[in-house]
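Here are the chains, one letter per residue:
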Amino acid sequence: TTVDPLIEHISPMLGVGFTFFIAFCLLAMMNVVTGVFVESALRQGKADKDSYTVSYLKRLFSDMDSHRSGMITLEDFKQHLQSKDMRELFRSIDLDVSEADGVFRILDWNSDGSISQDEFLSGCLRLRGTAKALDVLVLMRETDRMFRVCLAEIR
């Protein structure tokens, strides 16, 4: 074997130490390779989840858009609150269905009383995560509203 000259001419203990060193290096290298594969799989899983979420939200929007106008109103939104998909949407953003009016107002970025598909998608994607994301979105919306009011007063 490769370790025989080391054991015969120098020291048997050095041969044992060298064997453990080689085993340790092999385990470390296998750990790094495994880490690369796991990280790649997690990244791909996140991309797949994001893609699924976008297609799910598009399907949900088209289900609510009964007039096929590309816009949904508060009435359309409320009519679908008891559907399985809407309950799942509210559960995913950690909100109760009773807060639908507030969610609609948050998603209605330009305050025109209806939500376009882009407003719906971007708003729902921003609402994912903790309640802090909801707070930030409310703050962004209120800041935008105040900016518009101030701009209108200046003009």
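Small disclaimer: the values here were computed from a predicted structure and weren't measured.

### Re the packing of aromatic side chains
Evaluation of the coordinates by the stated rule reveals four aromatic pairs. With centroids separated by 5.7 Å and ring planes inclined at 45 degrees, the aromatic side chains of Phe 61 and Phe 120 adopt a geometry described as tilted. One end of the pair, Phe 61, is in helix α2 (residues 12–64); the other, Phe 120, is in helix α6 (residues 117–127), with 59 residues separating them in the sequence. Here the two residues Phe 61 and Phe 120 agree in accessibility, since each one is buried. Plain terms: the ring middles of Phe 77 and Phe 90 are 6.2 Å apart, the flat faces sit at 55 degrees to each other, and that makes the pair tilted. With a gap of 13 residues between them, Phe 77 in helix α3 (residues 74–79) and Phe 90 in helix α4 (residues 84–92) connect regions that are remote in the sequence. This pair shows no difference in class: Phe 77 is buried, exactly as Phe 90 is. Ring pairing ties together the aromatic residues Phe 77, Phe 90 and Phe 104, which thus form one cluster.

### A short note on the layout of surface pockets
In this approach, a probe sized like a water molecule rolls over the atoms, and the result shows the empty space that is left. What the largest pocket holds in volume is close to 240 Å³. Together, Lys 49, Tyr 52, Thr 53, Tyr 56, Leu 57, Glu 88, Leu 89, Ser 92, Ile 93, Cys 124, Leu 125 and Arg 128 line the largest pocket. Of all the secondary-structure elements, those providing two or more residues to the lining of the largest pocket are α2, α4 and α6. It is α2 that contributes the most residues to the lining of the largest pocket, five residues altogether.

### Quick word on the pattern of salt bridges
Evaluated as defined, the whole model comprises eight salt bridges. Of the charged contacts, one joins Glu 39 and Arg 43 as a salt bridge, the two residues approaching to 2.8 Å between their closest N and O atoms. With Glu 39 and Arg 43 both in helix α2 and four residues apart, the pair spans about one turn of that helix. A relative accessible area of 46% means that Glu 39 is categorised as partly exposed. For Arg 43, a relative accessible area of 52% gives the class exposed. Arg 91 is the partner of Glu 88 in a salt bridge, and the nearest nitrogen-oxygen pair spans 2.7 Å. Pair noted here: Glu 88 and Arg 91 are both in helix α4, with a separation of three residues, about one helical turn. The exposure class of Glu 88 is partly exposed, given its relative accessible area of 37%.

### Section: the nonpolar core
Counting residues in each nonpolar core, the largest one holds 25 residues, and the members touching the most others are Phe 77, Met 86, Phe 90, Leu 107 and Phe 120. Going through the elements one at a time, α2, α4, α5 (100–107) and α6 are the ones with two or more residues in this core. Apart from residues lying up to four places away in sequence, Phe 90 is in contact with Phe 77, Leu 81, Leu 95, Asp 96, Val 97, Glu 99, Ala 100 and Val 103.

### Section: unusual backbone geometry
Notably, Arg 68 is not glycine yet its phi reads approximately 55 degrees, a positive angle. Tracing the backbone through its elements, the reader meets Arg 68 in the loop between α2 and β1 (71–73). Since its relative accessible area comes to 61%, Arg 68 is described here as exposed.

### Some details on the side chain of Asp 65
Summarising the element assignment, Asp 65 is placed in the loop between α2 and β1. With no salt bridge to any partner, buried Asp 65 finds its closest opposite charge in Arg 68, at an N-O distance of 5.0 Å. A distance of 2.8 Å separates the side chain of Asp 65 from the backbone nitrogen of Gly 70, its partner in a polar contact. Other than its neighbours up to four places away in sequence, Asp 65 contacts Gly 70, Met 71 and Ile 72.

What counts, and where the lines are drawn
- Residues numbered from 1 in each chain as written.
- Predicted model: local features only at pLDDT ≥ 70, side-chain atom pairs only at ≥ 80, totals over all residues.
- Heavy atoms only, no water.
- Phe/Tyr/Trp six-rings, centres within 6.5 Å; stacked < 30°, edge-to-face > 60°.
- Helix = DSSP H or I, 4+ residues; strand = E, 2+ residues; numbered from the N terminus.
- Buried < 20%, exposed > 50% of the residue type's maximum accessible area, 1.4 Å probe, protein only.
- 1 Å grid on protein atoms, 1.4 Å probe; cavity = no way out; pocket = protein on both sides within 12 Å on 5 of 7 lines; lining within 4 Å.
- Points joined across faces, edges and corners; volume = space filled by probe spheres on them.
- Salt bridge = Lys/Arg side-chain N within 4 Å of Asp/Glu carboxyl O.
- Core = buried A, V, L, I, M, F, W, Y, C linked by side-chain atoms within 4.5 Å.
- Contact = heavy atoms within 4.5 Å.
- Lys, Arg positive; Asp, Glu negative; His and termini not counted.
- Polar contact = N/O pair within 3.5 Å; in protein donor to acceptor, adjacent residues only side chain to side chain.

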